[in-house]
Amino acid sequence: MSAVDLARLQFALTTSFHFLFVLLTLGLVTLLVIMQTRFTITGAPVHERMTRFWGRIYVINYALGIVTGIVMEFQFGLNWSGLATYAGDVFGAPLAMETLIAFFLESTFLGLWIFGWGKLNRWVHLSLLYLTALTAYASAFWIMAANGFLQHPVGYRVDGNVLRLDDFSALLSNPTFNSALMHVIFAAITVGGVFMTGVSAYHFIKRTPEVDFFRRSLRMGVVTTALATPSLIGAGFAQFPVIAQYQPGKSEAAPWIGAPLGFMILIGMTLTMVSWLTLPLLIKDAVIRMRFPLYLMVIGIPLPFCAAIFGWMFREIGRQPWLIYGLLKTEDAVSHVDASQILLSLIVFTSLFILLAVVDWALIARAVRRGPDLTPAPVSPLVVTL
């Protein structure tokens, strides 16, 4: 394989791994906001226990996701120096905003939320979770703004052999950014809903004594999935006119990128149909007495993750041979590095990401099997020792 192919493969693998962490983080924090809001208003212990249990899983995934994000960032300097040289002034602006928001504000608010259990006023503590969720979505906002520039470059002027940022507002009104952002948001909420549904179903399969706890969690997961998936599909189809207008080359590339798109649509339709068919079974707890639907819920956990990867494949592969559509070709953006060195970094980075993914799912599986605490602890159990 050439240096270009190896660099593309490395970025595809590491970005896909990181994106999976991001989706679950965004999905769970959205549901946590609902749970803790209920607890803050009602004071019901079950809502506090739900917030702690699902919050523990959220923190595990967030911590490992931060590590994968740091590792992924190294690739811009290692393999794609041509991109930084040519368009760093434009492309780097939203990335800098994402770094400030994700690594500083979001982490700060989350840390205060973790260590603030039982020490802060309920409403103050709830506001910290709201701020954590808002900064998490703001992080996704800036990442998608940067990616939107690659898909349809706007807001720049040519200065010699480089691009300069000329209109920051144009980056935020970029049609390829706005249409994709909503798609990613609903994808994350769908992931959170499907994950919560599958974990709750697992506990019913295991004959959990925590019937009320996981009944509430199952309902929240199914309802969330049923509401999010139609919006997810709608946001996905809304991108087709934008693609046809600004990236006509994707239509010509359909024969070799059509499969990922087809699988993504199929998974989205399946999740929508199954979640809506499950809604009536929530009445009088019919679903928790039926083993077959419960097994389907557990098996379905990976589906939205797979759909998300297929979606990214369609979005990114379809842009080729351009890294910045119409301006910078992928082969011109690769660093002047020998293919053997890129292969070495590919092996190292991929191995590290696989290890992090295994650790993440092992810790989450352990937290899931452990189940919720019997009574709320005076000190937060959300502090994770890795």
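### A few points about the packing of aromatic side chains
Any aromatic ring pair is given by two values, namely how distant the centres are and how the planes are angled relative to each other.
Phase 1: Per the counting criterion, the structure on display carries 17 aromatic pairs.
Phase 2: Measuring from ring centre to ring centre gives 5.4 Å for F237 and F240, while their planes differ by 85 degrees; the resulting arrangement is edge-to-face.
Phase 3: Owing to a relative accessible area of 35%, F237 belongs among the partly exposed residues under this scheme.
Phase 4: These aromatic residues form a ring-pair network of at least three members: F53, W54, F195, F213, F214, F305 and W361.
Phase 5: Above the plane of the ring of W117 lies R52, whose end atom (NZ or CZ) is 4.1 Å from the centre.
Phase 6: Taking the ring centre of W322 as reference, the NZ or CZ of K329 above it sits at 5.5 Å.

### Observations concerning helix α3 (residues 81–115)
Phase 1: Here α3 is 35 residues long, yet its end C-alpha atoms lie only 40 Å apart, well below the 51 Å a rise of 1.5 Å per residue gives.
Phase 2: Along α3, the largest kink reaches about 100 degrees and is centred on A87.

### Quick look at the environment of S173
Phase 1: Among the structural elements, S173 can be located in the loop between α5 (168–172) and α6 (175–205).
Phase 2: Judged by relative accessible area, S173 falls into the partly exposed class, the value being 49%.
Phase 3: Put simply, S173 and A145 are 28 residues apart on the chain and 9.0 Å apart in space, counted from C-alpha to C-alpha.

### A short note on the environment of G148
Phase 1: On the secondary structure map, G148 appears in helix α4 (residues 122–151).
Phase 2: Between the C-alpha atoms of G148 and F177, which are 29 residues apart in sequence, the distance is 4.4 Å.
Phase 3: When sequence neighbours within four positions are dropped, the list of residues in contact with G148 reads N174, T176, F177 and R315.

### Some details on the packing of α6 against helix α7 (residues 211–237)
Phase 1: Two numbers describe how α6 lies on α7: the axes approach to 7 Å, and their chain directions differ by 155 degrees. Relative to α7, α6 is oriented roughly antiparallel. As α6 runs across α7, the sense of the crossing is left-handed.
Phase 2: Tallied by class, residues from the contact of α6 with α7 come to 16 nonpolar, 14 polar and one charged.

### Quick word on the pattern of salt bridges
Phase 1: This model, assessed by the stated rule, comprises seven salt bridges.
Phase 2: The partner of E210 in a salt bridge is R49, and the shortest N-O contact between them spans 2.7 Å. Residue E210 is located in the loop between α6 and α7, and its partner R49 is located in helix α2 (residues 45–79); the two are separated by 161 residues in the primary sequence.
Phase 3: Assessed through its relative accessible area of 16%, E210 is described here as buried.
Phase 4: R164 serves as the salt-bridge partner of D159, at 3.3 Å between the closest nitrogen and oxygen.
Phase 5: Salt bridges linked by common partners bring D212, R215 and R216 together as one network.

### Here's the deal with the confidence of the model for the protein
Phase 1: In the predicted model, the protein carries a mean pLDDT of 88, and the fraction of residues at 70 or more is 95%.
Phase 2: Here helix α9 (residues 249–252) stands out as the least confident element of the protein, with mean pLDDT 66; α6 is the most confident, with 94.
Phase 3: Here residues 377–386 is modelled with pLDDT under 50, and outside its nearest four sequence neighbours on either side it reaches 23 contacts, counting other chains as well.

### Describing the pairing of strand β1 (residues 156–159)
Phase 1: Pairing geometry for β1 and strand β2 (residues 162–165), over four bridges, is antiparallel. Counterpart to D159 in the pairing with β2 is V162.
Phase 2: Counting the residues that bridge the hairpin from β1 to β2 gives two residues, and of these G160 lies at a positive phi of roughly 70 degrees.

### Some remarks on the side chain of E98
Phase 1: By the secondary structure assignment, E98 is in helix α3.
Phase 2: Salt bridges are absent for the buried E98, whose nearest opposite-charge side chain, R315, sits at 16 Å.
Phase 3: With residues near it in sequence (within four places) discarded, E98 still touches F103, S139, W142 and I143.

### Some thoughts on the side chain of T350
Phase 1: Mapped onto the elements, T350 comes out in helix α14 (residues 339–370).
Phase 2: For T350, a relative accessible area of 16% puts it in the buried group.
Phase 3: Sequence-distant contacts of T350, that is, excluding residues within four places in its chain, are made with L13 and S345.

### Here's the deal with the nonpolar core
Phase 1: Counting 73 residues, the largest nonpolar core has M35, W54, I57, Y58, W113, F195 and L218 as the members making the most contacts within it.
Phase 2: Looking at this core element by element, the count peaks at 15 residues for α6.
Phase 3: Dropping the residues within four chain positions of it, M35 is found in contact with H47, M50, T51, W54, M196 and M220.

### Overview of unusual backbone geometry
Phase 1: Residue P321 follows Q320 across a cis peptide bond; omega there is 10 degrees.
Phase 2: Its place among the elements puts P321 in the loop between α12 (302–317) and β3 (322–324).
Phase 3: With phi around 60 degrees, R207 is a residue other than glycine that occupies positive phi space.
Phase 4: With respect to the helices, strands and loops of the structure, R207 is situated in the loop between α6 and α7.
Phase 5: On the basis of relative accessible area, R207 is assigned to the exposed category, the value being 63%.

### Section: the packing of α7 against helix α8 (residues 239–246)
A pair of packed helices is captured by two measures, namely the crossing angle of their axes and the spacing between those axes.
Phase 1: Put simply, α7 and α8 touch, their axes get as near as 4 Å, and they point 20 degrees apart. Relative to α8, the element α7 lies roughly parallel. Along its contact with α7, which presents A235, G236 and F237, the element α8 presents Q239, F240 and P241.
Phase 2: For the contact of α7 with α8, the per-class residue count stands at four nonpolar, two polar and no charged.

Cut-offs and rules
- Residues numbered from 1 in each chain as written.
- Predicted model: local features only at pLDDT ≥ 70, side-chain atom pairs only at ≥ 80, totals over all residues.
- Heavy atoms only, no water.
- Phe/Tyr/Trp six-rings, centres within 6.5 Å; stacked < 30°, edge-to-face > 60°.
- Buried < 20%, exposed > 50% of the residue type's maximum accessible area, 1.4 Å probe, protein only.
- Lys NZ or Arg CZ within 6 Å of the ring centre and 35° of its normal.
- Helix = DSSP H or I, 4+ residues; strand = E, 2+ residues; numbered from the N terminus.
- Expected span 1.5 Å × (residues − 1).
- Bend = angle between axes of the 7 residues up to and from the residue.
- Contact = heavy atoms within 4.5 Å.
- Axes fitted to C-alpha atoms, helices over the stretch in contact; angles between N-to-C directions.
- Parallel < 35°, antiparallel > 145°, perpendicular 65-115°, else oblique.
- Left-handed = near helix turned anticlockwise from the far one by under 90°.
- Nonpolar A, V, L, I, M, F, W, Y, C, P; charged D, E, K, R; others polar.
- Salt bridge = Lys/Arg side-chain N within 4 Å of Asp/Glu carboxyl O.
- pLDDT = per-residue confidence, 0-100.
- Pairing = 2+ DSSP bridges.
- Lys, Arg positive; Asp, Glu negative; His and termini not counted.
- Core = buried A, V, L, I, M, F, W, Y, C linked by side-chain atoms within 4.5 Å.

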